[in-house]
Each structure stands twice: as structure tokens, then as C-alpha cells.
Amino acid sequence: MVTPFAPDGSVDYDGAARLAAHLVDEQRNDGLVVSGTTGESPTTSDEEKDRLLRAVIEAVGDRAMVVAGVGTNDTAHTLELARAAERAGAHGLLVVTPYYNKPPQEGLLAHFRAVADATGLPNMLYDIPGRTGTPIHSETLLRLAEHPRITAVKDAKGDLFAASKVMAATDLAFYSGDDNLNLPWLSVGAAGFVSVVGHVVGADLHEMIEAYRAGDVGRALAIHRRLLPVVTAIMTRTQGAIAVKAALDLLGRPGGTVRPPLVPASPEFIAGLREDLGQGGVKVPEVHS
């Protein structure tokens, strides 16, 4: 979930609550990740993260899972965020691989185990080497799966065969962390998606999962193909938070501006986005001058 900002760059907590309700009640998302990368977590303070999490839990915590993004490249700081999220009432934690400092696999083991030991909440590991510089190796995942509170993986590594072997050997639930590969992930046993495009086509993704699990693979494939313009526009042409906030703005939903070093979408991007959303079946209100 994006973090809505007011025009002055402050967090729009009321907008966050309204967006959370929309994503759960109308877009059929079963849960929300608050303060993930799409939520611009690198540029929100710990106090803002806590207040944002509490606002979302109050809005939808009785009918959706609310997962707090707590990962940083500092284990001590991550532990602080994890404990704060538990106090706020989060249902689970999303813990990204420490970025930039490129720890060895033994460092990842120690980091993820420390976070899992810090609270009583289930942990979803976030494996995205394209951003962090460090993959979580399959052997490391097998060892981490032994921890009772390490229960899931958000995979943006895209190695479905390696993930298949981990799933076959453990009880880890894998979630697609790359909207480009949502349907292929279902074919190898993924539990679902941690999605960016779910802001605007969450109900369609929900239907895709239901169709696939009911054995109607043709229906799931048709949805996948219909959504290709939406995924292309939001996931491949600029940074995800920039793109999806532009989409939310077109749809009249809370999102607002982005914080530097991100920059708002250009008029040219927005014009193309409007067309792509329409091609994907998203009803975009007309602009009246």
C-alpha cells in the first residue's frame, strides 16, 4: 500500500484510512502491507510509520491482515520497528533483505532470526536482490524455514524453479512479489500476490486466484492477458510508487505526491497511463475542463 501524502509532503493519515478501506472493501485485497517500499518507507520516520500503521489497523484490521514493513539494513533498528509494530497491533511483519551493505548468507541468517525472535508475529521475508544487492540463497531459506515464526517469502527474485524446490522441502508460503509473474507463480504453488497493481485491479487479481484454484485456468489466463497493459504501465515505465500514485490520482483515490528523491509522474506518463488503464478494463473518469 502506498503512503498517501498531502500537498505539503506530510502523511495524510485520514487518506490512508480511506484508501485502506477501498483496497479491502472494493478491491478485495485480503491484506495490506504498510510501510513497504511502495509505501516509501525509506523516507518516512519511525513515528510516521507507527501512526500510519495504527490508522490502517483501525480502518481495516477487523477484516484484513495488516502486515508492517519493518526491514532496514540495520538489525538493531529493524528490531525496534518490529517491536513497535507488534505494540501497534500488526498481524505480521515484512522483512526485506538488508540492502547496500551486502551481508553474507550467515549475516542474513542472523538478521532474520533476530527479527523473528523479537516478537510473537509471523514474518514474511522479502527477497528482492535487484534492489538489495543480495539474494537469499535457497540453502539459507531452508535453514530459516526451521524458525516457527518465519512463515512466508515475498519473492521478487523470479527463479520459480528454485522457489519450487524450497516450497517442496518446507512449509514456507511463497507470494509473488513481481506483478509481471503473478499467474506463473500460481502454477508452482504460490499462496498469492503482494501486489502493486492491486491498488487498481485488486478485484481482478482476486478473481484470477479464485479461477485458477477452481481449475479454470483459461479464465485465469484471460484475466492475466487483459491486465497486461495495466501491469506494463505501472511496473515497467517508472518507479512503482510514482506510477501507482498517478493511477490513484486518475481514479480519484487518496495517494497524493511522492517524497524526494522520487518525483511526480510527468504529464506524458499520465496520458499514457490513462490509456493503458482503459485498455486493461479500469474505468478512468473523464477529465472535464
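Bear in mind the structure is a predicted one, so any value in this text is a computation, not a measurement. (Residues numbered from 1 in each chain as written. Predicted model: local features only at pLDDT ≥ 70, side-chain atom pairs only at ≥ 80, totals over all residues. Heavy atoms only, no water.)

With that settled, consider the UniProt feature "binding site: pyruvate" (unreviewed entry) in the chain. In the UniProt entry, the feature "binding site: pyruvate" (unreviewed entry) is given for Thr 38 and Val 194. What stands out for the annotated residues spanning 157 residues is how close their C-alpha atoms remain, the widest pair being 10.7 Å apart. Of note, Thr 38 is situated in the loop between strand S1 (31-34) and helix H2 (46-60). Tracing the backbone through its elements, the reader meets Val 194 in the loop between strand S7 (192-193) and helix H9 (198-213). Taking relative accessible area as the criterion, Val 194 reaches 15% and is therefore assigned buried. Every residue in contact with Val 194, bar those within four places of it in the chain, is listed here: Val 33, Met 124, Lys 154, Tyr 175, Ser 176 and Gly 177. (UniProt positions renumbered as here; feature names shortened; annotations may be inferred. Helix = DSSP H or I, 4+ residues; strand = E, 2+ residues; numbered from the N terminus. Buried < 20%, exposed > 50% of the residue type's maximum accessible area, 1.4 Å probe, protein only. Contact = heavy atoms within 4.5 Å.)

Our focus in this paragraph is unusual backbone geometry. Cis geometry marks the peptide bond from Pro 260 to Pro 261; its omega dihedral reads 15°. Following the sequence through the fold, Pro 261 ends up in the loop between helix H12 (240-250) and helix H13 (267-279). The phi dihedral of Glu 40 falls on the positive side, at around 55°, and the residue is not glycine. Note on placement: Glu 40 falls in the loop between S1 and H2. Of note, Lys 102 is a non-glycine position whose phi angle comes to about 50°, a positive value. Here Lys 102 lies in the loop between strand S3 (92-96) and helix H4 (105-118). Given a relative accessible area of 55%, Lys 102 falls into the exposed group.

Here we take up the packing of H2 against helix H3 (residues 75-88). Direction vectors running N to C along H2 and H3 enclose 30°, while the axes themselves pass 10 Å from each other. Taken together, the axis directions place H2 and H3 in an arrangement best described as roughly parallel. H2 and H3 meet at a crossing whose hand is right-handed. Residues Asp 46, Lys 49, Asp 50, Leu 53, Arg 54 and Ile 57 of H2 form the contact with H3, whose own contacting residues are His 77, Leu 81, Ala 84, Ala 85, Arg 87 and Ala 88. Taken together, the residues of the contact of H2 with H3 break down into six nonpolar, one polar and five charged. (Axes fitted to C-alpha atoms, helices over the stretch in contact; angles between N-to-C directions. Parallel < 35°, antiparallel > 145°, perpendicular 65-115°, else oblique. Left-handed = near helix turned anticlockwise from the far one by under 90°. Nonpolar A, V, L, I, M, F, W, Y, C, P; charged D, E, K, R; others polar.)

It is worth spelling out the pairing of S1 at this point. Both S1 and strand S2 (residues 65-69) contribute to a ladder of four bridges, which runs parallel. Bridged to Val 34 within S2 is Ala 68. (Pairing = 2+ DSSP bridges.)

This part is about the side chain of Ser 41. If you trace the backbone, Ser 41 turns up in the loop between S1 and H2. With sequence-adjacent residues up to four places away left out, Ser 41 is seen in contact with Ser 35, Gly 36 and Lys 49.

A word on the UniProt feature "site: Part of a proton relay during catalysis" (unreviewed entry) in the chain. The UniProt feature table records "site: Part of a proton relay during catalysis" (unreviewed entry) at Thr 37 and Tyr 100. Considering only the annotated residues already named, the ones lining the second largest pocket are Thr 37. Within the fold, Thr 37 resides in the loop between S1 and H2. Given a relative accessible area of 29%, Thr 37 falls into the partly exposed group. Thr 37 has contacts with Tyr 126 and Arg 131, leaving out every residue within four places of it along the chain. Mapped onto the secondary structure, Tyr 100 falls in the loop between S3 and H4. (1 Å grid on protein atoms, 1.4 Å probe; cavity = no way out; pocket = protein on both sides within 12 Å on 5 of 7 lines; lining within 4 Å.)

Our focus in this paragraph is the packing of aromatic side chains. Taken as a whole and judged by the stated rule, the model has one aromatic pair. When the centroid spacing of 6.1 Å and the interplanar angle of 20° are considered together, the rings of Phe 174 and Trp 185 count as stacked. With a gap of eleven residues between them, Phe 174 in strand S6 (residues 173-176) and Trp 185 in helix H8 (residues 182-187) connect regions that are remote in the sequence. Classification of Phe 174 by relative accessible area gives buried; the value is 1%. Of the residues examined, Trp 185 reaches a relative accessible area of 0% and is grouped as buried. The side chain of Lys 154 reaches across the aromatic face of Tyr 126, ending 3.9 Å from its centre. (Phe/Tyr/Trp six-rings, centres within 6.5 Å; stacked < 30°, edge-to-face > 60°. Lys NZ or Arg CZ within 6 Å of the ring centre and 35° of its normal.)

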